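# Descriptive structure summary
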Amino acid sequence: MTRDALDLFVGQVIGLLPARSAEGEDPVRARATRMLFPRVGGLPVAQQTKAPRPRVYSLITNGRDLGVLTVSGTEIPVRVLPLDQATPSEATAFRITEMAGRALRIRGVAEGDSAA
């Protein structure tokens, strides 16, 4: 079964989830996954004491629901979801800031604890 293509546009907010578990991965990828997707591992999201600083990330999609998120040179396979009521609560929200074909620039906040 093939999924329908996602209609993405600049300014849209999307949800991302890691496509696979961070268990057994290299430590750099596992840490980046915990930082961006703390709810997936059941980690608590700490209250921010200062204004969060959003960062820009690169996302290459397959035109449907899968992509590769690049975080400081580390590639994390992700599922791309439209942000709506059916989006799982574990997803992390990002805003699309630029598009060029299947390459996207997205902006979001790493909510995980850097010490985790």
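See the structure shown above.
Now for a quick tour of the structure. (Residues numbered from 1 in each chain as written. Predicted model: local features only at pLDDT ≥ 70, side-chain atom pairs only at ≥ 80, totals over all residues. Heavy atoms only, no water.)

### Examining the environment of Gly-108
- Locating Gly-108 in the fold gives a position in strand β6 (residues 103–108).
- In the structure, Gly-108 is positioned 51 residues away from Tyr-57 in sequence and 7.9 Å away in space, judged by C-alpha atoms.
- Leaving out residues up to four positions away in the same chain, Gly-108 has contacts with Pro-54, Arg-55, Tyr-57, Ala-93 and Phe-94. (Helix = DSSP H or I, 4+ residues; strand = E, 2+ residues; numbered from the N terminus. Contact = heavy atoms within 4.5 Å.)

### Considering the side chain of Thr-92
- Considering the arrangement of structural elements, one finds Thr-92 in strand β5 (residues 92–100).
- Residue Thr-92 is classed as buried on the basis of its relative accessible area, which comes to 2%.
- Side-chain polar atoms of Thr-92 contact the backbone oxygen of Leu-36, separated by 2.6 Å.
- Not counting the four nearest positions on each side in its chain, Thr-92 is found in contact with Ile-14, Gly-15, Leu-16, Leu-36, Phe-37, Arg-39 and Val-109. (Buried < 20%, exposed > 50% of the residue type's maximum accessible area, 1.4 Å probe, protein only. Polar contact = N/O pair within 3.5 Å; in protein donor to acceptor, adjacent residues only side chain to side chain.)

### Re the packing of aromatic side chains
- All told, the structure shown has one aromatic pair when counted by the stated rule.
- Taking the centre distance of 5.9 Å and the plane angle of 90° together, the rings of Tyr-57 and Phe-94 count as edge-to-face. Taken together, the residues span a long stretch of sequence, with Tyr-57 in strand β2 (residues 55–61) and Phe-94 in strand β5 at a distance of 37 residues. (Phe/Tyr/Trp six-rings, centres within 6.5 Å; stacked < 30°, edge-to-face > 60°.)

### Quick notes on the nonpolar core
- Among the nonpolar cores identified, the biggest contains 16 residues, and Ile-14, Leu-16, Leu-59, Leu-69, Phe-94 and Ile-106 are the most heavily contacted of them.
- Listing elements by their share of this core, those giving two or more residues are β1 (13–18), α1 (27–36), β2, β3 (66–71), β4 (74–82), β5 and β6.
- Tallying contributions element by element places β4 first for this core, with three residues.
- Setting aside residues up to four positions removed in sequence, Leu-16 forms contacts with Phe-37, Leu-59, Leu-69, Val-78, Arg-79, Val-80, Ala-91, Thr-92, Phe-94 and Ile-106. (Core = buried A, V, L, I, M, F, W, Y, C linked by side-chain atoms within 4.5 Å.)

### Describing the pairing of β1
- Within β1, five of the six residues are buried, leaving the element largely enclosed by the surrounding structure.
- Strand direction decides the pairing type here: β1 and β5, joined by four bridges, are antiparallel. Counterpart to Leu-16 in the pairing with β5 is Thr-92. (Pairing = 2+ DSSP bridges.)

### Observations regarding the sheet that holds β5
- With respect to topology, six strands assemble into a closed barrel ordered β1-β4-β3-β2-β6-β5, the strand pairing being antiparallel. Each strand of the sheet is rotated relative to its neighbour by a mean of 45°, with strand direction disregarded.
- Examined bridge by bridge, β2 and β3 share four bridges and lie antiparallel to one another. Residue Leu-59 lies in a different strand from β3, and its bridge partner there is Leu-69.
- Strands β1, β2, β3, β4 and β5 of the sheet are contacted by α1, whose axis makes an angle of about 30° with β4. (Axes fitted to C-alpha atoms, helices over the stretch in contact; angles between N-to-C directions.)

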